[in-house]
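# Reading the structure
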Amino acid sequence: MKLSCMIVDDEPLAVKLIESFVAKTPDLELLGSFTDSVEAINAIKERKPQLLFLDIQMPDLNGMELAHMLPEGTRVIFTTAFKEYAFESYEVFALDFLLKPIRYNKFIAAVEKAREWYLTRPSQRPEESGEISAPQTPLFMGEVGRGTLFLKVDGEYRQVALDKILYVSGLKDYVMFYLDGDRKPLITHLTMKSVEEMLPPSRFMRVHRSYIVALDKIRSVDRNDCIYIGDEIIRVTDAFRNTFNQYLQARLFDKRPNDPA
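Computed from a predicted model, the values in this text were never measured in an experiment. Here the residue numbers are simple positions, counted from 1 along each chain's written sequence. Side-chain atom pairs in this predicted model are given and counted only at pLDDT of 80 or more, local residue features only at pLDDT of at least 70, and totals for whole chains, interfaces and linings cover all residues. To obtain the side-chain values, all non-hydrogen atoms of the structure were included, while hydrogens and water were left out.

## Details of the overall build of the chain
In plain terms, the rule: We count a stretch as a helix when DSSP gives it H or I for four or more residues in a row; a strand needs E for two or more, and each element gets its number in order from the N terminus. The buried label applies to any residue whose accessible area, calculated with a 1.4 Å probe on protein chains only, is under 20% of its type's maximum; exposed applies above 50%, and partly exposed to all values in between. Contact between two residues is taken to exist if any of their heavy atoms lie within 4.5 Å; hydrogens are not considered. Working definition of accessibility: Shrake-Rupley area with a 1.4 Å probe, residue cover restricted to the visible protein chains.
Within the chain, the regular secondary structure consists of eight helices and 16 strands. Relative to its 261 residues, the chain shows a buried fraction of 45%. A fraction of 49% describes how many contacts in the chain between residues 6 or more apart in sequence connect residues 24 or more apart. When the accessible surface of the chain is split by element, carbon and sulfur atoms take 50% of a total near 15300 Å².

Structural data, given as structure tokens:
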């Protein structure tokens, strides 16, 4: 059985090494390699490789975050220099975890594990067996008036209280909801425009092409129009500055003792 695969790693030398391993492994067919994880998303979605050799520590979008965005049927073998991610890798059902520097015998063992998984998994999809699958709408807004919404995350619908949302960031056709008290964001397949239209404008505002903030979660705003919220610093960009400044001015308490009442 031949498996299609892709490689995503921000280190060019690491990509070259995995490419050389793939080239001498008859059971693998390489569909593409990427050093930019953001660029890789659309290619993975379009070509749907069966196997993804994925680094974890990468800028913009790390491997764990990308793993949550993969199409159904694509499985991950993580390739990383940090063994502390081993436990976390099982949360995304990774097939294996290869610690750098990677040796070919370890690589082959991981590929064999992937081949066995594909050979033994049920081949029949729900639609082929006549089963009815869940709706594919990723965001259900029926409860927004009551202060909650549902997000489709990892194949299930997660109810989220609006009060818990710190901010939303967008990346291509995906958005990440950052929640107060949660270390990891909830990632779902949506556009920023659709999220902006659905969230109540009295509580949320778009301040950047890639960011929507919960107005009551803003800790401070500095003189450079940088918003401090959660652990993030978000710069208000020109396209949204006037609207945001109007919001600030309407709520600014800056009366001095000699100012007329």
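The rest of the description comes next.
## A short note on helix α8 (residues 238–250)
Spelled out, the test is: What a helix is expected to span follows from its residue count: subtract one and scale by 1.5 Å.
With 13 residues, α8 extends 19 Å between its outermost C-alpha atoms, agreeing within 8% with the 18 Å of an ideal straight helix rising 1.5 Å per residue. Within the span of α8, buried status applies to F240, R241, F244 and Y247. The elements touched by buried residues of α8 are β12 (204–208), β14 (220–221), β15 (226–229) and β16 (232–235).

## Things to note about the sheet that holds β14
Put simply, the rule is: A pair of strands is labelled paired if DSSP reports no fewer than 2 bridges between them.
Strands sit in the order β14-β15-β16 across an open sheet of three strands; the sheet is antiparallel. Two strands bound the open sheet, and with one partner strand each, they are β14 and β16. Note that β15 and β16 share four bridges and pair antiparallel. The residue of β16 that forms the bridge with Y228 is I233.

## A closer look at the pattern of salt bridges
What counts, and what does not: Whenever Lys or Arg places a side-chain nitrogen within 4 Å of a carboxyl oxygen from Asp or Glu, that contact is recorded as a salt bridge.
This model, assessed by the stated rule, comprises 14 salt bridges. Of the charged contacts, one joins K100 and E11 as a salt bridge, the two residues approaching to 4.0 Å between their closest N and O atoms. On the criterion of sequence distance, the pair formed by K100 in the loop between β5 (96–99) and α5 (104–120) and E11 in the loop between β1 (3–8) and α1 (12–23) is long-range, its members being 89 residues apart. You can call E11 partly exposed: its relative accessible area is 42%. Across the pair R241 and D225 runs a salt bridge whose closest N-O atoms are separated by 2.7 Å. On the criterion of sequence distance, the pair formed by R241 in helix α8 and D225 in the loop between β14 and β15 is long-range, its members being 16 residues apart. Neither residue differs from the other here; R241 and D225 are each classed as buried. If you follow the salt bridges from partner to partner, you end up with D9, E11, D55 and K100 in one network.

## Focus on the sheet that holds strand β10 (residues 174–179)
Rule in force here: To get an axis, fit a line to the C-alpha atoms, keeping to the stretch in contact for a helix; angles then go from 0 to 180 degrees between the N-to-C directions.
Here five strands make up an open sheet; going across it, the order is β11-β10-β9-β13-β12 and the pairing antiparallel. Each edge of the open sheet carries a strand with a single partner, namely β11 (186–188) and β12. Averaged over all pairs of adjacent strands, the angle between strand axes in this sheet comes to 20°, irrespective of strand direction.

## Focus: unusual backbone geometry
The residue after K100, namely P101, is reached through a cis peptide bond having omega -5°. A positive phi angle is found at K48, which is not glycine, with a value near 50°. Following the sequence through the fold, K48 ends up in the loop between α2 (37–47) and β3 (51–54).

## So, the pairing of β12
Burial within β12 is extensive, with four of its five residues counted as buried. Bridge count between β12 and strand β13 (residues 211–214): four bridges; the pairing is antiparallel. Looking at β13, one finds that R206 is bridged to I212. Hairpin connection between β12 and β13: a loop of two residues separates the two successive antiparallel strands.

## Examining the packing of aromatic side chains
Quick note on the threshold: Each pair of aromatic rings taken from Phe, Tyr and Trp, with Trp reduced to its six-membered ring, is defined by centres within 6.5 Å and is described as stacked if the planes are under 30 degrees apart, edge-to-face if over 60, and tilted in the remaining cases. Charges are assigned to positions over rings by a cutoff of 6 Å between ring centre and Lys NZ or Arg CZ, combined with an angular limit of 35 degrees from the ring normal.
Applying the stated criterion across every chain yields a total of eight aromatic pairs. Between F53 and F107, the ring centres sit 5.0 Å apart and the planes meet at 25°, which makes this aromatic pair stacked. With F53 in strand β3 and F107 in helix α5, this pair connects stretches of sequence that are 54 residues apart. Put simply, the rings of F21, F53, Y104 and F107 pair up and form one aromatic cluster. The cationic tip of K24 hangs over the ring face of Y104; the distance from NZ or CZ to the ring centre is 4.5 Å.

## A word on the environment of V22
Its location among the elements puts V22 in helix α1. Classification of V22 as buried rests on a relative accessible area of 4%. In sequence terms V22 and V111 are 89 residues apart; their C-alpha atoms lie 9.7 Å from each other. When sequence neighbours within four positions are dropped, the list of residues in contact with V22 reads C5, I7, L28, L30, F53 and F107.

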